[in-house]
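# Report on the structure
The residues making up each chain are set out below.
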Amino acid sequence: MSRRPSRREHLTDNEIEAIVLAAVPLRKAIQRCFITLKPFNETYSLLDEHVSRLDAVLQKITGRSIDYRGPDLGLLPPKPNGP
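A brief look at the structure comes next. (Residues numbered from 1 in each chain as written. Predicted model: local features only at pLDDT ≥ 70, side-chain atom pairs only at ≥ 80, totals over all residues. Heavy atoms only, no water.)

## Here we look at the overall build of the protein
Definition in use: Runs of H or I in DSSP of at least four residues are treated as helices and runs of E of at least two as strands, each being numbered from the N terminus. Residue burial is assigned from relative accessible area. The probe radius is 1.4 Å, only protein chains are included, and a residue is buried under 20% of its type maximum, exposed over 50%, and partly exposed in between. Any two residues whose heavy atoms approach within 4.5 Å are treated as being in contact. Here, Shrake-Rupley sampling with a 1.4 Å probe gives the accessible areas, and only protein chains in the shown set may cover a residue.
Counting secondary structure elements, the protein contains two helices and zero strands. The 83 residues of the protein split such that 22% are buried. Counting contacts in the protein only where the partners sit at least 6 residues apart, residues at least 24 apart contribute 44% of the total. For the protein, the exposed surface amounts to about 7100 Å²; the carbon and sulfur share of it is 56%.

Right, dumping it as structure tokens:
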């Protein structure tokens, strides 16, 4: 019988980074779809809701606020410079 995951289990830093790296291109692709839709279209509203939920999940798992100016939305720690 398999064990049910508990709410106390946490993601590792590598898992969080992998999720963010997969979610950022997905988020960008969804937002590119907005260009072809009228703002009050049902599909537009649905996509906007999904992007908002994705943003909330990313903020929750990283513990950071989204910075829309950064390439990774400011959710990943800065990479160290140098060797």
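Now that the structure has been shown, we can carry on.
## Some words on helix α1 (residues 13–34)
Applicable threshold: Helix span, expected: 1.5 Å multiplied by one less than the number of residues in the helix.
Between its terminal C-alpha atoms α1 stretches 32 Å, which fits the 32 Å expected from 22 residues at 1.5 Å a residue. Along α1, the positions that sit buried rather than exposed are Ile-16, Val-20, Ala-23, Val-24, Arg-27, Ile-30 and Phe-34. Buried residues belonging to α1 abut α2 (42–62).

## Points about the nonpolar core
Inclusion rule: Residue types Ala, Val, Leu, Ile, Met, Phe, Trp, Tyr and Cys, when buried and joined through side-chain atoms within 4.5 Å, form a set referred to as a nonpolar core.
In this structure, Ile-16, Val-20, Ala-23, Val-24, Leu-54, Leu-58, Ile-66, Leu-73, Leu-75 and Leu-76 together form the largest nonpolar core, which totals 10 residues. Only α1 and α2 provide two or more residues apiece to this core. A per-element tally of this core places α1 first, with four residues.

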